[in-house]
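# Summary of structural features
The lines below spell out each chain.
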Amino acid sequence: FLEFDNYGTLSFTPGVEVEIPVTSRWYLRPYAHAGFGYENTSGEWARVWYGGLKSRYTVEQREDFSWNVLGELAFAGYRPQYKERGQYGQVMAGFEFSHRLDAADASGSPWHLDWHLTYSWMFDKLNFHVTPEEVVSVRDQWELGLALGKGRKKVKIMFFDLEHVGLSFRFSSNGNYQAITLNLRSPFTL
């Protein structure tokens, strides 16, 4: 896992995002990022950009339980040296839930079980070059995430203030893509 051969790309893409309350229950989050990336196998650099619009509608919000409907429209692209640019877009829909647990931390704040389920459909197939000879294509992605949080309070780990801490499992419908990621924020935030 920690061997550098397991990593194919490295990128730096600073950006801006804004949260806009449309109503007391509906929030929009437009975002835009631009930077550069490095691909290890070919040794090439590329300009990288992505942006989109996320949406969260709160269906129910109580101290012990809440749930939201999520949506996103996103576009991304890159331009490697001496080659044509590549780009892709996706649309995402999903749900996120938060259940208060009976357990509390040392300060008496209750823990919450946060989980989400999202589905993303790509406008074009994404091709991953696993080896120089093997290319894996995916058209969609499911994501199931489970985490422990503190409701509206932040989880403090050293000098970090996190929404929650957990894991997400991502996979494509055709089974060609699977990943486990560290889950520190809601799918609505970046």
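Preceding this section is the structure that the text describes.
Overview of the structure. Because the structure is a prediction, the values reported are computed rather than measured.

Before going further, it helps to spend a moment on the overall build of the protein. Assigned secondary structure in the protein consists of zero helices and 13 strands. In the protein, the order of α-helices and β-strands from amino to carboxyl end is β-β-β-β-β-β-β-β-β-β-β-β-β. The C-alpha extent of the protein, read off along each of the three principal axes, is 55 × 40 × 35 Å. At a minimum sequence separation of 6, the contacts of the protein that also span at least 24 residues come to 46%.

This paragraph deals with the layout of surface pockets. Looking at the second largest pocket, its volume works out to about 830 Å³. Around the second largest pocket, the lining comprises 37 residues; the ones closest to its centre are Gln61, Ser66, Ser98, Gly151 and Arg152. Mapped by element, the contributors of at least two residues to the lining of the second largest pocket are strand S4 (26–39), strand S5 (44–61), strand S6 (65–80), strand S7 (86–104) and strand S8 (110–129). Residues of the lining of the second largest pocket, tallied by class, amount to eight nonpolar, 13 polar and 16 charged.

Moving on to the pattern of salt bridges. Applying the stated criterion across every chain yields a total of six salt bridges. Its salt-bridge partner being arginine 62, residue glutamate 60 comes within 2.3 Å of it at the nearest N-O pair. Relative accessible area serves as the criterion here: at 26%, glutamate 60 is assigned to the partly exposed category. For lysine 156, the salt bridge goes to aspartate 161, with nearest N and O atoms at 2.9 Å. Via salt bridges that share partners, Glu17, Glu19 and Arg29 belong to a single interconnected network.

Moving on: the side chain of glutamate 96. Within the secondary structure, glutamate 96 sits in strand S7. Buried and without a salt bridge, glutamate 96 has arginine 56 as its closest oppositely charged side chain, separated by 4.5 Å. Separated by 2.7 Å, the side chains of glutamate 96 and serine 186 make a polar contact. In this structure, glutamate 96 is in contact with Arg56, Ser66, Trp67, Asn68, Leu70, Trp115, His116, Ser186 and Pro187, ignoring residues within four places of it in sequence.

What follows is about the side chain of glutamate 163. Position of glutamate 163 among the secondary structure elements: in the loop between strand S11 (160–162) and strand S12 (164–171). Buried and without a salt bridge, glutamate 163 has arginine 185 as its closest oppositely charged side chain, separated by 4.1 Å.

As a further point, take a nonpolar patch on the surface. Together, Val16, Val18, Ile20, Val22, Trp26, Tyr57, Val59, Val69 and Phe95 make up a nonpolar patch on the protein surface, roughly 690 Å² of accessible area in all. Mapped onto the elements of the fold, tyrosine 57 is located in strand S5.

Calculation criteria
- Residues numbered from 1 in each chain as written.
- Predicted model: local features only at pLDDT ≥ 70, side-chain atom pairs only at ≥ 80, totals over all residues.
- Heavy atoms only, no water.
- Helix = DSSP H or I, 4+ residues; strand = E, 2+ residues; numbered from the N terminus.
- Contact = heavy atoms within 4.5 Å.
- 1 Å grid on protein atoms, 1.4 Å probe; cavity = no way out; pocket = protein on both sides within 12 Å on 5 of 7 lines; lining within 4 Å.
- Points joined across faces, edges and corners; volume = space filled by probe spheres on them.
- Nonpolar A, V, L, I, M, F, W, Y, C, P; charged D, E, K, R; others polar.
- Salt bridge = Lys/Arg side-chain N within 4 Å of Asp/Glu carboxyl O.
- Buried < 20%, exposed > 50% of the residue type's maximum accessible area, 1.4 Å probe, protein only.
- Lys, Arg positive; Asp, Glu negative; His and termini not counted.
- Polar contact = N/O pair within 3.5 Å; in protein donor to acceptor, adjacent residues only side chain to side chain.
- Patch = residues over 30% accessible without salt bridge, like charges linked within 9 Å, V, L, I, M, F, W, Y side chains within 5 Å.
- Areas by Shrake-Rupley, 256 points an atom, 1.4 Å probe, with all protein chains shown as cover.

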